[in-house]
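# Observations on the three-dimensional arrangement
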Amino acid sequence: MANRIIQVSFNWTNVPEVARLDAAIRPLCDDWCRLNLFTYYLWTRHNPTEVYAGLSRIVTEADTAVLTAIDPLIQPYGWAPSFVWEWLYPKVYSLRSQPLLTLNVPHDRNP
């Protein structure tokens, strides 16, 4: 199966150590981008259900985790550090059969 982008959003009761969280995510994808301890983007061949199963060792019943596959036909946009857009855009465009006619440059909170 081809890769997809999955956004993983957490709401932690007790935020795990970054190294432990990253170690849980690493085997579930080919590449990933951590926006913060609450939001990750995964470049993976797995579907959200499979990724969630892989994260079950760090997500407790008191935590919240929402996993969503990103639709590559919808332009990502918002406010985020430039490293997020540099990671996200090439992957989104690689999933499209044709590029967008125009590219809206997202806002970067870190000028």
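The coordinates are above.
### Side note on the overall build of the protein chain
Secondary structure summary: the protein chain contains three helices and four strands in total. In the protein chain, the order of α-helices and β-strands from amino to carboxyl end is β-α-β-β-α-β-α. Across the 111 residues in the protein chain, those meeting the buried criterion constitute 38%. Within the protein chain, contacts between residues at least 6 apart in sequence are counted, and of these 64% link residues at least 24 apart. Carbon and sulfur atoms form 55% of the exposed surface of the protein chain, whose accessible area is close to 6,800 Å².

### Notes on the nonpolar core
Among the nonpolar cores identified, the biggest contains 16 residues, and Val8, Phe10, Ile25 and Leu55 are the most heavily contacted of them. Ignoring any residue separated from it by four or fewer positions in sequence, one finds Leu55 in contact with Val8, Phe10, Ala24, Ile25, Leu28 and Leu67. Listed in part, the 11 residues of the second largest apolar core include Ala80, Trp85, Leu88 and Val92.

### Some thoughts on the sheet that holds strand S3 (residues 39-44)
On the basis of which strands lie adjacent, the open sheet formed by four strands has the order S2-S3-S1-S4 and antiparallel pairing. Each end of this open sheet is capped by a strand with a single partner; those strands are strand S2 (31-36) and strand S4 (64-69). Averaged over all pairs of adjacent strands, the angle between strand axes in this sheet comes to 20 degrees, irrespective of strand direction. The pairing of S2 with S3 spans five bridges and is classified as antiparallel. The residue of S3 that forms the bridge with Asn36 is Thr39.

### With respect to helix H3 (residues 82-95)
End to end, H3 covers 21 Å across 14 residues, agreeing with the expected 20 Å (1.5 Å per residue, within 8%). Looking only at H3, the buried set comprises Val84, Trp85, Trp87, Leu88, Tyr89, Lys91 and Val92. Residues of H3 that are buried in the fold lie against strand S1 (4-11), S2 and S3.

### Overview of the pattern of salt bridges
One pass over the full model with this rule turns up three salt bridges. Across the salt bridge formed by Asp31 and Lys91, the nearest N and O atoms sit 3.1 Å from each other. Placement of Asp31 in strand S2 and of Lys91 in helix H3 is noted, with a sequence separation of 60 residues between them.

### A look at the side chain of Lys91
Here Lys91 falls in the buried class, since its relative accessible area comes to 14%. Setting aside residues up to four positions removed in sequence, Lys91 forms contacts with Ile5, Asp31 and Trp43.

### Overview of helix H1 (residues 18-25)
Among the residues of H1, those classed as buried are Leu21, Asp22, Ala24 and Ile25. One face of H1 carries all of its buried residues, which in axial projection span an arc of 160 degrees. Structurally, H1 contributes buried residues whose contacts are with S1, S2, S3 and helix H2 (48-55).

Rules behind the numbers
Residues numbered from 1 in each chain as written. Predicted model: local features only at pLDDT ≥ 70, side-chain atom pairs only at ≥ 80, totals over all residues. Heavy atoms only, no water. Helix = DSSP H or I, 4+ residues; strand = E, 2+ residues; numbered from the N terminus. Buried < 20%, exposed > 50% of the residue type's maximum accessible area, 1.4 Å probe, protein only. Contact = heavy atoms within 4.5 Å. Areas by Shrake-Rupley, 256 points an atom, 1.4 Å probe, with all protein chains shown as cover. Core = buried A, V, L, I, M, F, W, Y, C linked by side-chain atoms within 4.5 Å. Pairing = 2+ DSSP bridges. Axes fitted to C-alpha atoms, helices over the stretch in contact; angles between N-to-C directions. Expected span 1.5 Å × (residues − 1). Salt bridge = Lys/Arg side-chain N within 4 Å of Asp/Glu carboxyl O. Arc of directions from axis to C-beta.

In short, the description is geometric, and any link to function would need to be established separately.
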